[in-house]
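# Fold and contact review
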Amino acid sequence: MRIYIPLEPAELTSPVITARVVHSATAELAKTCPQYDQEELEVVASLAAADDALRLLAKQTAPQVLRRIVAVAEVPNTFLCLPAKDKNLLPTALLLQTEVSWGQVESFLLDEPGAESVVATAITGDEDAFIATEDIELLWYDVSERLLIANSW
């Protein structure tokens, strides 16, 4: 199953990605948005993960990198389960129960350069800035570029 994993910038250099809430184009999402095709459902899932990446940045004390990062991985369904019922979770949410190796990651998405000021304002709790992050383009990078990107900060 394809999953979208919100990351903190420092995790680009981690040996593995640890268990956490991730997002996917779930059957529940398809029921919620029956007019969407598979590609549109994947976009919704990736944006939900980007929102969670923003929340991860907001939890950091003085984050040095102000860009949302989402890893895109293919994992067996056995790695995933439904999270405990939580009204705050979206229908894209799944619980990743085990770590994911970088070999399972196909690519990652990263905010376009120049988005840092919007992200900086959004992580302070500014709702308008949070909504404005929807307009920031998430650029695609091959997984082989992760250390190059991480070392450029």
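This write-up is about the structure you can find in this document. (Residues numbered from 1 in each chain as written. Predicted model: local features only at pLDDT ≥ 70, side-chain atom pairs only at ≥ 80, totals over all residues. Heavy atoms only, no water.)

This part covers the pattern of salt bridges. Throughout the structure, instances matching the rule amount to 7 salt bridges. Of the charged contacts, one joins Glu-74 and Arg-2 as a salt bridge, the two residues approaching to 3.2 Å between their closest N and O atoms. Here Arg-2 lies in strand 1 (residues 2–7) and Glu-74 lies in strand 4 (residues 69–74), a separation of 72 residues in the sequence. As a salt-bridge pair, Arg-2 and Glu-106 come within 2.6 Å of each other at their nearest N and O atoms. On the criterion of sequence distance, the pair formed by Arg-2 in strand 1 and Glu-106 in strand 8 (residues 105–111) is long-range, its members being 104 residues apart. Ionic contacts of the salt-bridge type, sharing partners, join the residues Arg-2, Glu-74 and Glu-106 into one network. (Salt bridge = Lys/Arg side-chain N within 4 Å of Asp/Glu carboxyl O. Helix = DSSP H or I, 4+ residues; strand = E, 2+ residues; numbered from the N terminus.)

Here the structure, examined in full by the defined rule, presents 1 aromatic pair. The interplanar angle of 15° and the centroid separation of 5.4 Å between the aromatic rings of Phe-108 and Tyr-141 together place this pair among those described as stacked. Here Phe-108, found in strand 8, pairs with Tyr-141, found in strand 9 (residues 138–142); they are 33 residues apart in sequence, far enough to count as distant. Across the pair, exposure class does not vary: Phe-108 and Tyr-141 are buried alike. (Phe/Tyr/Trp six-rings, centres within 6.5 Å; stacked < 30°, edge-to-face > 60°. Buried < 20%, exposed > 50% of the residue type's maximum accessible area, 1.4 Å probe, protein only.)

This part takes up the pairing of strand 6 (residues 93–96). With 4 bridges connecting them, strand 3 (residues 20–23) and strand 6 associate as antiparallel partners. If you follow Arg-20 over to strand 6, its bridge partner there is Leu-96. Direction of pairing for strand 5 (residues 80–81) relative to strand 6: antiparallel, over a ladder of 2 bridges. The residue of strand 6 that forms the bridge with Leu-80 is Leu-96. (Pairing = 2+ DSSP bridges.)

Scope: geometric values only; no functional claims are made or implied.
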